Amino acid sequence: MNATRKASIAAKAMLVGLLAAGGLAVSSGAATAYSDSGKTNGCWVRMWNTASSLYCQNVTQSGQFQGVVECRGWTGNYNESTGWHYLTRGSTAMPVASLNDCSRSINKGWVNYTSGT
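Residues numbered from 1 in each chain as written. Predicted model: local features only at pLDDT ≥ 70, side-chain atom pairs only at ≥ 80, totals over all residues. Heavy atoms only, no water.

S.K.: Looking at this structure, I do not really get the overall build of the chain. What am I missing?
M.R.: Across its full length, the chain carries one helix and eight strands. For the chain, the succession of helices and strands along the chain, N to C, is α-β-β-β-β-β-β-β-β. Taking contacts inside the chain between residues at least 6 apart in sequence as the whole, the part at least 24 apart equals 58%. Accessible surface, the chain as shown: approximately 7,200 Å² in total, 52% of it carbon and sulfur. (Helix = DSSP H or I, 4+ residues; strand = E, 2+ residues; numbered from the N terminus. Contact = heavy atoms within 4.5 Å. Areas by Shrake-Rupley, 256 points an atom, 1.4 Å probe, with all protein chains shown as cover.)

Given below as structure tokens:
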């Protein structure tokens, strides 16, 4: 057996050992991949494939916040929202509210804000 073949077998054996011992995680990344919208007064929408959450950290202005996503549906695009949530200046909520309503995927997300109670 030549040296290249021996090295290939050793590498495969090491990989099998790591997998068996739980020392190597294999994942497609789809479950944890996300993107964030721009921030509005300390709040943003975090988006996965078909789910989203409204996050707020160190809110800069008290008021009502609403996370909105544009979903790609089977017959066209539509919007879904978390509803309005009142947060006071300086507060943090991780997450404020979550959605799992997009049928196919999320195109984009944003935060609506109003200073009213």
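S.K.: Sorry if this is basic, but what is going on with the nonpolar core here?
M.R.: Nonpolar side chains in soluble globular proteins tend to be buried together. By size, the foremost hydrophobic cluster in this structure holds 14 residues, and its most contacted members are C43, L54, F65 and V69. When residues of this core are traced back to their parent elements, those giving at least two are β2 (43-47), β3 (52-56), β4 (63-72) and β8 (105-114). When sequence neighbours within four positions are dropped, the list of residues in contact with F65 reads T40, N41, C43, L54, V59, G83, W84, H85, L87, V111, N112 and Y113. (Core = buried A, V, L, I, M, F, W, Y, C linked by side-chain atoms within 4.5 Å. Buried < 20%, exposed > 50% of the residue type's maximum accessible area, 1.4 Å probe, protein only.)

S.K.: Would you mind going over the environment of R89 with me for this structure?
M.R.: If you trace the backbone, R89 turns up in the loop between β6 (85-87) and β7 (93-99). Expressed as a C-alpha distance, the spacing of R89 and N41, which sit 48 residues apart in the sequence, is 9.1 Å. Here R89 is in contact with V59, T60, Q61 and S62, once residues within four sequence places are set aside.

S.K.: For this particular structure, what's the right way to read the sheet that holds β2?
M.R.: In any sheet, the strands associate via hydrogen bonds between backbone groups, in a parallel or an antiparallel arrangement. The four strands are arranged β1-β2-β3-β7 in an open sheet whose pairing can be described as antiparallel. In this open sheet, the two strands that pair with only one neighbour each are β1 (35-36) and β7. (Pairing = 2+ DSSP bridges.)

S.K.: For this particular structure, what's the right way to read the pairing of β4?
M.R.: Consecutive side chains of a regular strand alternate in pointing toward one face of the sheet and then the other. Most of β4 sits inside the fold, with nine of its 10 residues counted as buried. Alignment of β4 against β6, held across three bridges, turns out to be antiparallel. For F65, the partnering residue across the bridge sits in β6 and is H85. As paired elements, β4 and β8 share nine bridges and run antiparallel to each other. When the sheet's bridge partners are listed, F65 is paired in β8 with Y113. Bridge count between β4 and strand β5 (residues 77-81): five bridges; the pairing is antiparallel. Within β5, the position partnered with C71 by the bridge is Y78. The turn linking β4 back onto β5 is made up of four residues, and G76 within it adopts a positive phi angle of 140°.

S.K.: Teacher, can you tell me more about the side chain of T82 here?
M.R.: Summarising the element assignment, T82 is placed in the loop between β5 and β6. If sequence neighbours within four positions are ignored, T82 has contacts with L54, Q66, G67, A97 and L99.

S.K.: What is the right way to read the confidence of the model for the chain from this model?
M.R.: Do not read the fine detail of predicted coordinates wherever pLDDT is low. Across the chain, the average pLDDT comes to 82, with 72% of residues at or above 70. The low-confidence segment residues 15-30 (pLDDT under 50) makes five contacts with residues lying over four places distant or belonging to another chain. (pLDDT = per-residue confidence, 0-100.)

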